[in-house]
Amino acid sequence: VWKILRESIMQLKTLAATVLILTATCSAHADIGPAEKPDLKLGFIKLTDMAPLAIAWEQGFFLDEGLFVELEAQANWKVLLDGVVTGTLDGAHMLAGQPLGATIGYGTQADIITAFSMDLNGNGITVSNDVWEQMSPHISENSEGNPAHPISATALKPVIEQYRDKGERFRMGMVFPVSTHNYE
């Protein structure tokens, strides 16, 4: 989890540096007027990919732009979507497929616009510590003695086969149906 968080922070820093460089080198300039709505409530799900919102809030980036943002954790993706649709939330960290799904009537019917996508295709399969220990002998190491990335699903296959040979089910969770994880 910390590695993913560090990667998210590095990606945010890279994005910020790129924006700063482009801003500094751009010859065109236009004044930005006041925010249409300076007080905003943004919903999120407690996942590492919401880190850019948390970092922006902690570092005062919203305040720098004249925005007073409240971040509010939501119980699940459906509650989050409903909050945006009903207006109890002004916006949200949302699955990329949710606005499209809602627009075509999958679940909640609503017209939603995606203004900004934070998806960097960092999808993965998370396993328990016990399963990780069983996978470890099947994972090659890099020059520093750490697992070589990306870790292939072939390291998980022998573990699943062991469960099958013992007559046990290997249980895995399913992501929300409109999640990009379903399509990658």
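So, here is what we can say about the structure in this document. Model, not experiment: these values are computed from the prediction. Each chain carries its own residue numbering, running from 1 in the written order of its sequence. With pLDDT at 70 or above as the cut-off, local features in this predicted model cover only qualifying residues; side-chain atom pairs require 80 or more to be listed or tallied, and sums for whole chains, interfaces and linings still use all residues. Side-chain descriptors were evaluated using all non-hydrogen atoms of the structure, hydrogens and water having been removed beforehand.

**Comments concerning the overall build of the protein**
Thinking step 1. Scanning the protein from terminus to terminus reveals seven helices and three strands.
Thinking step 2. Numbering of helices and strands runs from the N terminus, with a helix taken as a DSSP run of H or I at least four residues long and a strand as a DSSP run of E at least two residues long. The order of α-helices and β-strands along the protein, N terminus first, is α-β-α-α-β-α-β-α-α-α.
Thinking step 3. The proportion of buried residues among the 184 residues of the protein is 25%.
Thinking step 4. When checking whether two residues touch, look at their non-hydrogen atoms; a contact exists if any pair is within 4.5 Å. Summarising the internal contacts of the protein: among those between residues at least 6 apart in sequence, 59% fall at separations of at least 24.
Thinking step 5. Accessible surface, the protein as shown: approximately 13,500 Å² in total, 58% of it carbon and sulfur. Partly exposed residues are those whose accessible area sits between 20% and 50% of the maximum for their type, while under 20% is buried and over 50% is exposed, using a 1.4 Å probe and protein chains only. Calculation of accessible area relied on Shrake-Rupley with a 1.4 Å probe; when residues are assessed, cover is drawn exclusively from the protein chains displayed.

**Focus on the nonpolar core**
The nonpolar side chains of a soluble globular protein tend to be buried, and buried together.
Thinking step 1. Ranked by size, the top nonpolar core spans eleven residues in total: I45, W77, L80, L81, V84, L89, M94, L95, A102, A110 and I112.
Thinking step 2. Considering each element in turn, this core owes the most residues, four residues, to helix 4 (residues 77–86). Note on terminology: a nonpolar core comprises buried Ala, Val, Leu, Ile, Met, Phe, Trp, Tyr and Cys residues joined through side-chain atoms within 4.5 Å.

**Structural notes on the environment of D39**
Thinking step 1. Within the element layout of this structure, D39 appears in strand 1 (residues 39–44).
Thinking step 2. On a C-alpha basis, the gap between D39 and D90 in space is 9.0 Å, while along the polypeptide they are 51 residues apart.
Thinking step 3. Once residues within four sequence positions are removed from consideration, D39 is found in contact with F68 and D90.

**A short note on the pattern of salt bridges**
Here the idea is simple: oppositely charged side chains can pair when their charged atoms come close.
Thinking step 1. Any carboxyl oxygen of Asp or Glu within 4 Å of a side-chain nitrogen of Lys or Arg constitutes a salt bridge here. Across all of its chains, the model carries five salt bridges by this definition.
Thinking step 2. One salt bridge connects K41 with E72, and the closest N-O pair in it is separated by 3.5 Å. Of this pair, K41 sits in strand 1 while E72 sits in strand 2 (residues 68–73), and the two are 31 residues apart along the sequence.
Thinking step 3. Residue classification places E72 among the partly exposed residues on the basis of a relative accessible area of 27%.
Thinking step 4. In this structure, the salt-bridge partner of D165 is R164, at a minimum N-O distance of 3.7 Å. Each member of the pair, D165 together with R164, is exposed.

**Points about the sheet that holds strand 3 (residues 91–92)**
Thinking step 1. For two strands to be treated as a pair, DSSP must find at least two bridges joining them. In spatial order, the strands read 2-1-3; together these three strands make up an open sheet with parallel pairing. Only two strands of the sheet have a single partner each, and these edge strands are strand 2 and strand 3.
Thinking step 2. Pairing of strand 1 with strand 2, which is carried by six bridges, proceeds in the parallel orientation. Within strand 2, the residue paired with L40 across the bridge is V69.

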